[in-house]
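Coordinates in review
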Amino acid sequence: MSDTVTEAAAPSLPRSNPVTDSLVLVWRNLKRLPRQPDMVVYGTIQPIMFVVLFAYVFGGSISVGGTNDASTYREFLMGGIFAQTMAFSVASSSVGLADDMNKGLIDRFRSLPITRGSVITGRVVGDLAFNAFVLLVMVACGFAVGWRIRSNLWEAGLAFLILLGFTFAMLWIGALIGLSVRSVEVASSAGLIWLFPLSFISSCFVDPAYMPDWMQPIAEWNPISAVALAVRDLCGNPVGNVGDGFPAEHPVLLSILYIVAITALFSWLAVRKYQRTTAH
Amino acid sequence: MPAIDVAGLGKTFGSGKQSVRALDNLDLSVPERTVTALLGPNGAGKTTTVRVLATLLRPDQGTARVLGHDVTQEPDTVRRLVGLSGQFSAIDENLTGYENLWMFGRLYGLPSSEARQRSRELLELFDLVEAADRPAKTYSGGMKRRLDLAGALVAHPRVLFLDEPTTGLDPKSRLELWGVIRDRVEQGVTLLLTTQYLEEADALADSIAVIDHGSVIASGTSDELKRDVGGERIEVVIHDPTRLDVARESLARAADCDVDVDERPRRLTATARDGSDTLVRVIRELDTAGVDIDDIGLHRPTLDDVFLTLTGHLAEESAPQSEEVAS
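Everything quoted here is computed from the prediction, not taken from an experiment. (Residues numbered from 1 in each chain as written. Chains lettered and ligands numbered in written order. Predicted model: local features only at pLDDT ≥ 70, side-chain atom pairs only at ≥ 80, totals over all residues.)

**Considering the overall build of chain A**
Formally: What counts as a helix is a DSSP run of H or I of at least four residues, what counts as a strand is a run of E of at least two, and both are numbered from the N terminus. Three exposure classes are used. Buried residues have 20 or more other C-beta atoms within 10 Å of their own C-beta, exposed residues have 12 or fewer, and partly exposed residues fall in between, all C-beta atoms being placed from the backbone. A pair of residues counts as a contact when their C-beta atoms, built from backbone coordinates, are within 7 Å of each other.
Helix and strand counts for chain A come out as 13 helices and 0 strands. For chain A, the α and β elements follow one another from N to C terminus as α-α-α-α-α-α-α-α-α-α-α-α-α. By principal-axis analysis of the C-alpha atoms, chain A measures approximately 80 × 35 × 35 Å. Each of the 280 residues in chain A was classed as buried or not, and the buried ones make up 48%. Residue pairs in contact within chain A that sit at least 24 positions apart in sequence constitute 82% of those at least 6 positions apart.

**A short note on the sheet that holds strand β11 (residues 233-238) of chain B**
In sheet architecture, strand pairing relies on hydrogen bonds along the backbone and comes in two forms, parallel and antiparallel. Residue and element names in this part refer to chain B. Quick reminder of the rule: Two strands are counted as paired when DSSP detects at least two bridges linking them. Every angle, taken between N-to-C directions, lies between 0 and 180 degrees, and every axis is a line fitted to C-alpha atoms, over only the stretch in contact when it is a helix.
Taken together, the 4 strands give an open sheet; going across it, the order is β12-β13-β11-β14, and neighbouring strands pair in antiparallel fashion. The sheet is open, and its two edges are formed by β12 (259-262) and β14 (293-299), each paired on a single side. Ignoring which end each strand starts from, the neighbouring axes of this sheet average 15° apart. Sheet analysis places β11 next to β14, joined by 6 bridges and oriented antiparallel. The residue bridging Val237 from the neighbouring strand is Asp295, located in β14. Its contacts with the sheet put helix α9 (residues 244-255) on β11, β12 and β13 (267-271), and the angle it makes with β13 is roughly 15°. Running over the sheet, helix α10 (residues 276-288) touches β11 and β14 and is turned about 165° from β14.

**Re the pairing of strand β4 (residues 61-66) of chain B**
All names here are of chain B. Inspection of the sheet shows strand β1 (residues 4-13) paired to β4 by 5 bridges, in the antiparallel sense. Note on β4: the bridge partner recorded for Ile4 is Val66. A loop of 2 residues connects β4 with strand β5 (residues 69-70), the two strands running antiparallel in sequence, and Leu67 in this loop sits at a positive phi of about 50°.

**So, the confidence of the model for chain A**
All names here are of chain A. Selection rule: The predictor reports its confidence for every residue as pLDDT, a score running from 0 up to 100.
Looking at chain A, the pLDDT average stands at 88 and 94% of residues meet or exceed 70. Within chain A, helix α2 (residues 37-58) has the poorest average pLDDT of any element, 86, and helix α7 (residues 153-180) the best, 96. In the model, residues 1-11 has pLDDT below 50 throughout and makes 15 contacts with residues more than four positions away in sequence or in other chains.

**Quick notes on the packing of helix α3 (residues 97-107) of chain B against helix α5 (residues 141-153) of chain B**
All names here are of chain B. Condition: The labels follow the angle: roughly parallel below 35 degrees, roughly antiparallel above 145, roughly perpendicular from 65 to 115, and oblique for the rest. By convention the crossing between two helices is left-handed if the near helix lies anticlockwise of the far one by an angle smaller than a right angle, and right-handed if it lies clockwise. Note on residue categories: nonpolar means Ala, Val, Leu, Ile, Met, Phe, Trp, Tyr, Cys or Pro, charged means Asp, Glu, Lys or Arg, and polar means any other residue, Gly included.
Direction vectors running N to C along α3 and α5 enclose 25°, while the axes themselves pass 9 Å from each other. Taken together, the axes of α3 and α5 lie roughly parallel to each other. Seen from above, α3 lies across α5 with right-handed handedness. For the pair α3 and α5, contact is made by Gly97, Asn100, Leu101 and Phe104 and by Leu147, Ala150 and Gly151, respectively. Residue composition of the contact of α3 with α5, by class: 4 nonpolar, 3 polar and no charged.

**Concerning the environment of Val41(A)**
All names here are of chain A. As for its placement among the helices and strands, Val41 is situated in helix α2. A count of 9 C-beta atoms within 10 Å places Val41 in the exposed class. Residues Val41 and Val134, spaced 93 residues apart in sequence, show a C-alpha to C-alpha distance of 9.8 Å.

**Quick notes on helix α3 (residues 70-87) of chain A**
Residue and element names in this part refer to chain A. For clarity, the threshold we go by: Each helix should span, by expectation, one fewer than its residue count multiplied by 1.5 Å. Bend angle per residue: angle between axes fitted to the 7 residues ending at that residue and the 7 residues starting there.
In this model α3 runs 25 Å from its N-terminal to its C-terminal C-alpha over 18 residues, within 8% of the 26 Å that 1.5 Å per residue would give. In α3, a bend of some 25° at Leu77 exceeds every other bend along the element. Burial runs high along α3: 15 of the 18 residues are buried.

**As for the environment of Gly79(A)**
Residue and element names in this part refer to chain A. Mapped onto the secondary structure, Gly79 falls in helix α3. A tally of 27 C-beta atoms within 10 Å means that Gly79 is categorised as buried. Gly79 sits 88 residues away from Thr167 along the chain, and the two C-alpha atoms are 14 Å apart. Other than its neighbours up to four places away in sequence, Gly79 contacts Ala228, Val231, Arg232, Cys235 and Asn237.

**As for the nonpolar core**
Residues and elements named next belong to chain A. To be explicit about the condition: For the purposes of this analysis, a nonpolar core is taken to be any set of buried Ala, Val, Leu, Ile, Met, Phe, Trp, Tyr and Cys residues that are connected through C-beta atoms within 7 Å.
Core analysis: the largest hydrophobic core is formed by 158 residues, its most contacted members being Ala83, Val227 and Val231. Counting residues per element, this core draws most heavily on α7, which supplies 14 residues. Setting aside anything within four residues of it in sequence, one finds Val231 in contact with Gly79, Phe82, Ala83, Ala159, Ile162 and Leu163.

**So, the sheet that holds strand β8 (residues 190-195) of chain B**
All names here are of chain B. On the basis of which strands lie adjacent, the open sheet formed by 6 strands has the order β6-β7-β8-β3-β9-β10 and mixed pairing. Each edge of the sheet is formed by a strand with only one pairing partner; in this case those strands are β6 (82-85) and β10 (215-220). Going from strand to strand, the sheet's axes swing by 15° on average, the running direction of each strand aside. Across 5 bridges, strand β7 (residues 159-163) lies against β8 in parallel orientation. In the sheet register, Val159 faces β8, and the bridge partner there is Thr190.

**Things to note about the environment of Leu253(A)**
Locating Leu253(A) in the fold gives a position in helix α13 (residues 251-276). In this structure, the C-alpha to C-alpha distance between Leu253(A) and Val227(A), residues 26 residues apart in sequence, is 9.7 Å.

**Considerations on the packing of helix α4 (residues 90-102) of chain A against helix α8 (residues 184-192) of chain A**
Residues and elements named next belong to chain A. Packing of α4 against α8 leaves a shortest axis separation of 8 Å and a crossing angle of 160°. The angle between the axes of α4 and α8 places the two elements in the roughly antiparallel class. Judged by the sense of rotation from one axis to the other, the crossing of α4 with α8 is right-handed. Two secondary-structure elements touch here, α4 through Val90, Ala91, Ser94, Val95, Ala98, Asp99 and Asn102 and α8 through Val184, Ala187, Ser188, Ala190, Gly191 and Leu192. When its residues are assigned to classes, the contact of α4 with α8 shows 8 nonpolar, 4 polar and 1 charged.

Structural data, given as C-alpha cells:
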C-alpha cells in the first residue's frame, strides 16, 4: 500500500444542498439500471403479459358499455393497464430501499451530512424515470393491440402527466414499505399483495357496472379507477358505464387530489421512518 | 478538549421483559489524535456506542460529544467531522469503486472536480486502482472493506469510527487493512475502533476500553491491561506430584511472582513478565532443582483471559445485539 499522498487539514465542508444531494442519489439509482438488465426485462414483461392476457384471453368475453366488441374492449383496457402498471411501481421503491437497508447503505447515508429527504427522493425520482420508460413500452404495446389517442396532444399530454404523478405518489408508499420491512423478499410481497385486490376492484379491467352493488362505490372511488378513467377520458377512449357520481364526472380532478394527498401523507411518513430506522 | 467525550450514556432497546439494556452508564474519553479500541464480546454495546457517536441512534440518557459538538443537538455538524465504516461493507455494489467514492464525496459536499480528484487519490492509497472501474460486486471481501473505509475518508474526517473493521477477513487482508488504518492515524486522525480481538486492539490502539453489558469495566494501555490480567503466563505440568512444592519455589524464584498451583493436573501457572526470557529462566531453575517436566508453554492473554479476570465470566455473547425494536 503506497503512502505518497499527504493530506491537508480537514477543510470546512460547504453546507449540504438538497438539490445536489438528491440529484447525486438519482444518478446513483439510474446508473445501476444498465447493470441490472434482468431487472429491466422483468419490470417490463409483467405489464406486457397483462396486456396480452386481457386483450386476447379475457377481452372477448368482457362487455364494456353494453357492447361485447373486442376492439372496443382493447381500447378501454389500455387506460386501465397504464394505471395498474404505474400503481405496481410501488414494488420498485420498496425493494430498492429494503435492499439498501440490508446492505447497510441507509446507515451510511444517515451518517452523512445530507438533507433528510434526499435519499428517498433520489430513490423515488430514479424509479420514476425507470417507470416512465416502462410506460413508454406500454404505450407501444397499446398501439400494437389497436389503442389510439383520439383526442388532442394537450389532453393526451395531461393524461400521461397524471400517470407519472400517480407513479410518483405510489413510489412514496413503496418507500415507506421498504423502510418498514426487514428483508427484500418481504418488501417485494408486501409492496404488491394489497395491490392485486385494489387493482381488480377497480375499473381497470372491467366495467364496475357489472360488479355487485356494494362493491361499485369502492371501485368508483378507487384511486386506480380515477386515474384509469381520467386517462380514458383525456385520450378519447371508451369509458364504460361510469354512472353519474363525482368520480365519474371529475376523474381528472379526483386523480390530482389523490396524487397530492398520497404524496403528502406518505412522503411525510417515509422521511420520518427514514430518520428513525436502523438496519442492524 | 477530548475528541470524543461520552458521559453516562444509556440506551435500552424494547420495553418490558423483552427489553435489552445495550448501554448502561457508559463513560469514555478519547484525546485528539489518539486511537482507542472498544474491546468486548458481541452484544457488549460496542456497536451501539459507535452508532450513537455517528448520530445514527439517540441515547436515552447521558451525553456524547464529538470535538465539542453534542451528537443529539448538532448532528449535522458532527456528521461533517466524522467518518464511519461499519461491520458490513456499506457500498453500492452496482456502482464501480470510483463511482462509489465520487458519490460519497459529492454527498459530503465536495465539488465534483474535488470529489473526482479525491476518489482517484483514495483508490491509489487503498490499492484499488486496477479495480476502480469494475462494479463493486466483483470485489473480494477485503477489497470491499478497503473501499468502505475509503468512503469514510473521502471528506478528510477528523474523527473516524471503525466498527469491527476486520471481522470476517482472512489474515492477509486483515494485515493489509491494519496497515492502511495505521497510515491514517499517522496523518493525525482520531480513531475509535471496536473489536473482539485483543490482538487487534493491541496492534492499533494507544488505549483500550474493555466493555461488557453496556459499560466500560476497565481501561488503559494494552500493557496496563495485560499487567492487570497477568500478561503472558507460563504453564508447567510436572511429572511427579510430590515435587509440586519444590517446583513452586523454583518457579517463584525464576518468574519473580506468585505461583498458582493446581494439584490434580499437577499444573503450575505464573506470570511471564519478560516473555520467553522468563520461560528460559524457569526451565533452567526446574532443571537445576531436578523437577521432571511433562509440558511447559507460554500463553498469551486472550480476550477470554481479560474477561475472566475482569468479570469472572467468559467473553460469551452477553446480550443479543438486536436493534430491530429501536425507534
